[in-house]
Amino acid sequence: MGRLSLVSCSDPVQPPPAGRLGELVSALAAAGYDPDAEAIRELGADGWRRDPRRRAGMLNRAFADPGVEAVVDVSGGDLANEVLSYLDWGTIAANPKPVVGYSDLTCVLNAIVARTGRTAVLWNAMAGLHRGFGVLDAALAGETIPNPRSPGPTATRTPSRRSPGSGATSDVSSNSRGRGTGRTSPGACSSSSRWALR
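Residue numbers here run from 1 along each chain, matching the order of that chain's written sequence. Local features in a predicted model are, by the rule used here, given only for residues with pLDDT of at least 70; side-chain atom pairs are given and counted only at 80 or more, and totals for whole chains, interfaces and linings are based on all residues. Side-chain descriptors were evaluated using all non-hydrogen atoms of the structure, hydrogens and water having been removed beforehand.

Peer 1: Kindly report on the overall build of the protein, identifying the contributing residues and their values.
Peer 2: Within the protein, the secondary structure is distributed over seven helices and nine strands. Using a 1.4 Å probe on the protein chains alone, a residue whose accessible area is under 20% of its type maximum counts as buried, one over 50% counts as exposed, and one in between counts as partly exposed. In the protein, which comprises 198 residues, the proportion classed as buried is 47%. What makes two residues a contact is simply this: any of their non-hydrogen atoms within 4.5 Å. For the protein, the share of sequence-separated contacts (at least 6 apart) that also reach a separation of at least 24 residues comes to 69%. For every accessible area listed, the method is Shrake-Rupley and the probe measures 1.4 Å; residues are considered covered only by the protein chains on display. Roughly 9400 Å² of accessible area belongs to the protein as shown, and the carbon and sulfur atoms make up 50% of that amount. Secondary structure elements are taken from DSSP: a helix is a run of H or I of four residues or more, a strand is a run of E of two residues or more, and numbering for both begins at the N terminus.

Pasting the structure below:
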C-alpha cells in the first residue's frame, strides 16, 4: 500500500511516538500502510496554536507530493477554518488523492469538495485502532463507503441545479434517516439539492 501523509490542520497533535498518534502510526504500519507523520513532527507540539500558514502548507505539500497516495488529517478541535485562506486550490485540484479527516476538518473537507470537485472522506482515523482500516482501504480503492451503523436503503443527494460557476454535482450517500455514510463527493456543499432514493 502507498504512503499516507498524516497532517494536522486543526488543534496541535502530540507528534509520534508519544500518545495515540504513535499508536496510530504503528497500527497503520502493521496494516501494511506507509504512514508518514514527518510533517507533524516538524510542526512540533509546542504551544496551543500554530500558524495557520504552516498548517495549510503541510496539507499543500502532501497534495503536491506524487509519492503520497492519501492525506489523513489526525487533528480535531476548532482551528481548521484558519487554514482555508492559505490552501493552494490549484495544487489540490491537480493532484487527486483521497483526503480523510473528521470533526473540525469538515470545513476543510467540504471546501476541497466544493472548490476542486475532488472527493473527501469524513472519518476519524483513530477509529481504525479499534475497528480496523476498512474505511481507509475503501477510500483508496475509490469505493463508496457504507455507513456500518445504518443498514437499509440509501439516498443520493443530487443538485436541483448547478451552483453558478462551480460545475460541481452532488453525490452524498446517506441512510434513510439522513445520516451520512462518511464519504462526500463533488458538490456536497450545494444548498440547492433534492433527495432521490436508490
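Peer 1: Give a detailed account of the side chain of Arg55, specifying residues and quantitative values.
Peer 2: In this fold, Arg55 is placed in helix H3 (residues 52-64). Excluding residues that lie within four positions of it along the chain, Arg55 makes contacts with Ser8, Cys9, Ser10, Arg50, Leu79, Ala80, Glu82 and Val83.

Peer 1: How would you sum up the nonpolar core? Please name residues and give values.
Peer 2: Core analysis: the biggest nonpolar cluster contains 47 residues, and Leu6, Leu59 and Leu136 have the highest contact counts within it. What Leu59 contacts, discounting residues up to four positions off in sequence, is Val7, Cys9, Val71, Leu87, Val108 and Ile112. Among buried residues, the Ala, Val, Leu, Ile, Met, Phe, Trp, Tyr and Cys ones that are joined through side-chain atoms within 4.5 Å form a nonpolar core.

Peer 1: Give me the lowdown on the packing of aromatic side chains, citing residues and values where you can.
Peer 2: Aromatic rings from Phe, Tyr and Trp, taking only the six-membered ring of Trp, are treated as a pair when their centres fall within 6.5 Å; an angle between ring planes under 30 degrees marks them as stacked, one over 60 as edge-to-face, and anything in between as tilted. Enumeration according to the criterion identifies two aromatic pairs in this entry. Centre to centre, the rings of Tyr33 and Phe133 are 6.2 Å apart; their planes meet at 80 degrees, and the pair counts as edge-to-face. Highlighted residues: Tyr33 in the loop between helix H1 (19-30) and strand S2 (34-36) and Phe133 in the loop between helix H6 (128-131) and helix H7 (134-140), separated in sequence by 100 residues. Accessibility classification places Tyr33 together with Phe133 in one group, the buried group. On the numbers, 6.5 Å between centres and 85 degrees between planes, the contact of Trp123 with Phe133 is edge-to-face. Placement of the pair is Trp123 in the loop between strand S5 (120-122) and H6 and Phe133 in the loop between H6 and H7, with a sequence separation of ten residues.

Peer 1: How would you explain helix H5 (residues 106-116) if you had to name every residue and give the values?
Peer 2: Within H5, the full set of buried residues consists of Val108, Leu109, Ala111, Ile112, Val113 and Thr116. Looking at the residues trailing H5, positive phi occurs at Gly117, about 75 degrees.

Peer 1: So what's going on with the pairing of strand S3 (residues 68-73)? Which residues, and what values?
Peer 2: Summarising burial for S3: five of the six residues are buried, a large majority. Strand pairing is assigned whenever DSSP identifies at least 2 bridges connecting the two strands. Note that strand S1 (residues 3-7) and S3 share five bridges and pair parallel. Within S3, the residue paired with Arg3 across the bridge is Val68. Relative to strand S4 (residues 99-101), S3 runs parallel, the two sharing two bridges. Residue pairing across strands places Val71 opposite Val99, the latter belonging to S4. Clockwise travel from the first strand over the helix to the second, with the strands pointing away from the viewer, marks a crossover as right-handed. Crossover S3 to S4 through helix H4 (residues 89-94) is right-handed.

Peer 1: Quick one: what's the story with the environment of Leu6, residue by residue and with numbers?
Peer 2: With respect to the element layout, Leu6 can be found in strand S1. For the pair Leu6 and Val68, spaced 62 residues apart in sequence, the C-alpha separation works out to 9.9 Å. Excluding residues that lie within four positions of it along the chain, Leu6 makes contacts with Leu21, Val25, Leu28, Pro35, Asp36, Ala37, Ala39, Ile40, Met58, Val72 and Val74.

Peer 1: Could you give an account of H1, naming the residues involved and the relevant values?
Peer 2: The α-helix winds at 3.6 residues per turn, so residues separated by three or four positions along the chain end up facing the same way. By this rule the span expected of a helix is its residue count minus one, scaled by 1.5 Å. Look at H1: 17 Å from first C-alpha to last across twelve residues, which is about the 16 Å you get at 1.5 Å a residue. Residues of H1 that are buried: Leu21, Gly22, Leu24, Val25 and Leu28. Viewed end-on, H1 has its buried residues packed into an arc of 160 degrees, placing them on one side of the element. The outward face of H1, more than 90 degrees from its buried face, is lined by the exposed residues Gly19 and Ala30. Note on H1: the residue one or two positions beyond its end, Gly32, has a positive phi of about 100 degrees. When we speak of the arc, we mean the arc of directions from the helix axis to the C-beta atoms.

Peer 1: Describe the pattern of salt bridges, naming the residues involved and giving the relevant values.
Peer 2: Should a side-chain nitrogen of Lys or Arg be within 4 Å of a carboxyl oxygen of Asp or Glu, the pair is scored as a salt bridge. Within the structure shown, the criterion is met by four salt bridges. Residues Arg3 and Asp65 are paired through a salt bridge, measuring 2.4 Å at the closest nitrogen-oxygen approach. A residue pair is termed long-range when its members are at least 10 positions apart, and Arg3 in strand S1 and Asp65 in the loop between H3 and S3 qualify at 62 residues. Between Arg53 and Asp51 there is a salt bridge whose closest N-O contact spans 3.3 Å.

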